[in-house]
Amino acid sequence: LTAFLGICLMLKPDIGIFQNAALLPLGAGFFMSAAEVWLRKLHKTEATSVIALYMAGVLTLMMFIPLLQQFQIPTSHEWLILIVNGVSVTIAQILGTKSYAYADAAMVAPFAYITVILSYLVGIFLFAEIPDRFSLTGAIIIVVSGVMILYFRRKVKV
C-alpha cells in the first residue's frame, strides 16, 4: 500500500490520475505482481529460458492488435533503439525470472524498486529530464517501502 501511494504521487495527485494513460502503469504493476508469484511456482517445473520465452510470446501477442492500429515503419535510428531495448529487456527478463528460482517473490520483488532510481538516472543523464517534487517524493516512498518489506520479511524469518 505504501508503494502504491508512491506510485500515485509519481502519477501526480490530480484528476489526471484517473485517465486511461495513468491507469495503464497501475494495471501493469498489478499483472507483474501476479506474474512474480507465478514465476516462483513455475520454476519447479520449467526452465528459466522456457518461462522467459513464454512471457515474451504472450506479451508479443498482447501488443499485436495495438501495433496494427498505429504501425509505422521505424527509421534506422529507431531500429537501433528497438534492438538495444529488445536485448536489454531480454537480459532483464532472464535475470529477473532466474531470481525467482532462488528466493520467495516477497524477497525478490522489492529489488525491482531499484528500477525507479535507475529510470530517473537514465532520464536525467540521457534525456535531461528533471523529476518534479511529486515524482521524487513518490520514488522515495517506493524505495523506502521496498526496504521496509525486506527488513520486516527478514526479521520474521529469523
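See the structure shown above.
The structure contained in this document is the topic of the report that follows. Owing to the predicted nature of the structure, the values given are computational and were not obtained by experimental measurement. (Residues numbered from 1 in each chain as written. Predicted model: local features only at pLDDT ≥ 70, side-chain atom pairs only at ≥ 80, totals over all residues. Heavy atoms only, no water.)

Points about the overall build of the protein chain
1) Next: Assigned secondary structure in the protein chain consists of seven helices and zero strands.
2) Next: Its helices and strands taken in sequence order, the protein chain reads α-α-α-α-α-α-α from the N to the C terminus.
3) Next: Put simply, the protein chain has 158 residues, and 22% of those count as buried.
4) Next: Taking the intrachain contacts of the protein chain between residues at least 6 apart in sequence as the baseline, contacts between residues at least 24 apart amount to 72%.
5) Next: Entry remark: accessible area of the protein chain is about 11,900 Å², with carbon and sulfur atoms responsible for 75%. (Helix = DSSP H or I, 4+ residues; strand = E, 2+ residues; numbered from the N terminus. Buried < 20%, exposed > 50% of the residue type's maximum accessible area, 1.4 Å probe, protein only. Contact = heavy atoms within 4.5 Å. Areas by Shrake-Rupley, 256 points an atom, 1.4 Å probe, with all protein chains shown as cover.)

Re the layout of surface pockets
1) Next: One number sums up the size of the second largest pocket: a volume of about 190 Å³.
2) Next: Surrounding the second largest pocket, Ile 81, Val 84, Asn 85, Ser 88, Val 89 and Ala 92 form its lining.
3) Next: Class assignment for the residues of the lining of the second largest pocket results in four nonpolar, two polar and no charged. (1 Å grid on protein atoms, 1.4 Å probe; cavity = no way out; pocket = protein on both sides within 12 Å on 5 of 7 lines; lining within 4 Å. Points joined across faces, edges and corners; volume = space filled by probe spheres on them. Nonpolar A, V, L, I, M, F, W, Y, C, P; charged D, E, K, R; others polar.)

Some details on the nonpolar core
1) Next: Core analysis: the largest hydrophobic core is formed by six residues, namely Ala 35, Leu 39, Ile 51, Met 55, Tyr 100 and Val 108.
2) Next: Those elements that provide at least two residues to this core are helix 2 (20-42) and helix 3 (48-69).
3) Next: Apart from the residues within four sequence positions on either side, Ile 51 is in contact with Leu 39, Leu 42, His 43, Glu 46 and Thr 97. (Core = buried A, V, L, I, M, F, W, Y, C linked by side-chain atoms within 4.5 Å.)

As for the packing of helix 3 against helix 4 (residues 76-102)
1) Next: It is at 9 Å that the axes of helix 3 and helix 4 come closest, and there the two elements cross at 125°. In terms of axis orientation, helix 3 runs oblique to helix 4. Seen from above, helix 3 lies across helix 4 with right-handed handedness. Of helix 4, the residues touching helix 3 (which contributes Thr 48, Ile 51, Ala 52 and Met 55) are Gln 93, Ile 94, Thr 97 and Lys 98.
2) Next: Of the residues that constitute the contact of helix 3 with helix 4, the class distribution is four nonpolar, three polar and one charged. (Axes fitted to C-alpha atoms, helices over the stretch in contact; angles between N-to-C directions. Parallel < 35°, antiparallel > 145°, perpendicular 65-115°, else oblique. Left-handed = near helix turned anticlockwise from the far one by under 90°.)

A look at a nonpolar patch on the surface
1) Next: Together, Phe 64, Ile 65, Leu 67, Leu 68, Phe 71, Ile 73, Trp 79, Leu 82, Ile 83, Val 87, Ile 91 and Leu 95 make up an exposed nonpolar region whose accessible area comes to about 1,300 Å².
2) Next: Elements supplying a minimum of two residues to the nonpolar patch: helix 3 and helix 4.
3) Next: When residues in the nonpolar patch are grouped by element, the largest group, six residues, is from helix 4.
4) Next: Position of Val 87 among the secondary structure elements: in helix 4.
5) Next: On the basis of relative accessibility, which here comes to 47%, the residue Val 87 falls in the partly exposed class. (Patch = residues over 30% accessible without salt bridge, like charges linked within 9 Å, V, L, I, M, F, W, Y side chains within 5 Å. Salt bridge = Lys/Arg side-chain N within 4 Å of Asp/Glu carboxyl O.)

Brief notes about the side chain of Thr 48
1) Next: Mapping Thr 48 onto the fold places it in helix 3.
2) Next: Contact partners of Thr 48, with chain neighbours within four places excluded, come to His 43, Ile 94, Thr 97 and Lys 98.

Here we look at the environment of Ala 52
1) Next: Secondary-structure assignment places Ala 52 in helix 3.
2) Next: Judged by its relative accessible area of 9%, Ala 52 falls in the buried class.
3) Next: Not counting residues within four places of it along the chain, the set of residues in contact with Ala 52 comprises Gln 93 and Ile 94.

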